[in-house]
Each structure stands twice: as C-alpha cells, then as structure tokens.
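Given next are the chains, with one letter for each unit.
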Amino acid sequence: MRLVAAVLAALALAAPAAAAGPPQAGALVPGRSLGGIALGAPIRAVLRAWGRSFGVCTDCAQATWYFNFVAFRPQGAGVEFHNGRVAALFTLWSPPGWRTSGGLVLGDPVAAVTSAFGPLDRRDCRGYYALLLERADSVTSFYVVDGKLWGFGLSERSLPSCR
C-alpha cells in the first residue's frame, strides 16, 4: 500500500495540470463516466482532466482522491483507484450544476430518477440512500437525501455503493 501511495504521489507531482479541479458543471453518463472521467481510466487521465489540486484520503482502503471546488469545503468530486485505474467516481456534497446526460439535475425530486430509469434497487446508506442502476460491469448510483437527488456515483460492480 505504501508503494502504491508513493507511485501515486510521484505521478501527481510529475504530471502537468490541465485544470484546477473537477468541472463546475459535470455530467454523469450512466455506466460510463462522471465529469469527463471514464471508469477504468488511468491515473494520468484524471490528472490531465482535473489537475493536481486534490486531497488524499488517509483512511480509505484504496487510493482515493478528493477534488474540492474550494479548499477544505466538501463539495466537488472524488475518485477511487484500483491498480492504477479509476474504479469509482462520485460527487461530494451535491455540487450545483451537475446533471446526467439525460437531463436529470442534482436537486431534482427522486421521482424524476425513477421516471427516467424505471424502478431501481435501493441501498440504505448512513444519512441517505442510493438508487442503483446496475449493468454487467458497473453500477451507477443516484444518491437521495430528503426526497431529492443529492449526488451521483459510478463504480465497478464489486465496490460498495455507499460512500
């Protein structure tokens, strides 16, 4: 684990930053990408797209980076890596302007999610729940708080949906 952390840190320092963070108005393409980053993308693709301004989770089981719009404020997006590739992507704290490729916007009523995708499996998480759109190799999560679409997640099927 220390070796992986050292490699990630070296890559972060060596790669040029094309952007200061996740897009201010990112899009979720269910089963494929979040904020322009695809599942399975290499670390260098994340660095090119979102830059080097991120925090590193110190108690996560896998390497996880947090890209906040404003330093020390929990709003933006996160990325979890396995073997140097993106294994999960998720929004942090309901960033405004984020939407799905089909037009759902964070803040929409939960009924809009089920209208767009039909009945979805529900996973109860701590303080919120996730509606899961499962595909052969991925799970798209729609996080719900107080009856409203609060955030998005996209992960490999083997990973937990609750973040």
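Asks: Just give me the short version of the packing of aromatic side chains, but keep the residues and values in it.
Replies: The geometry of an aromatic ring pair is captured by the separation of the ring centres together with the interplanar angle, meaning the angle of the planes. In total, this model carries ten aromatic pairs according to the counting rule given. With 5.4 Å between their ring centres and 50 degrees between their planes, F54 and F67 make a pair best called tilted. Linking F54 in the loop between helix 2 (43–50) and strand 4 (55–56) with F67 in strand 5 (residues 64–68), this pair joins segments that are 13 residues apart in sequence. Taking relative accessible area as the criterion, F67 reaches 0% and is therefore assigned buried. Here the aromatic residues W50, F54, W65, F67 and F81 are joined through ring pairs into a cluster of three or more. Here the guanidinium or amino end of R122 rests over the ring plane of Y129, the centre of that ring lying 3.6 Å away.

Asks: Could you give me a rundown of the side chain of T140, with the residues and numbers involved?
Replies: Within the secondary structure, T140 is located in strand 11 (residues 138–145). A residue is classified by how much of its surface remains accessible, and T140, at 0% relative accessible area, is buried. At a separation of 2.8 Å, a polar atom in the side chain of T140 contacts the main-chain amide nitrogen of G31.

The rules we used
- Residues numbered from 1 in each chain as written.
- Predicted model: local features only at pLDDT ≥ 70, side-chain atom pairs only at ≥ 80, totals over all residues.
- Heavy atoms only, no water.
- Phe/Tyr/Trp six-rings, centres within 6.5 Å; stacked < 30°, edge-to-face > 60°.
- Helix = DSSP H or I, 4+ residues; strand = E, 2+ residues; numbered from the N terminus.
- Buried < 20%, exposed > 50% of the residue type's maximum accessible area, 1.4 Å probe, protein only.
- Lys NZ or Arg CZ within 6 Å of the ring centre and 35° of its normal.
- Polar contact = N/O pair within 3.5 Å; in protein donor to acceptor, adjacent residues only side chain to side chain.

Geometry only, nothing functional implied.
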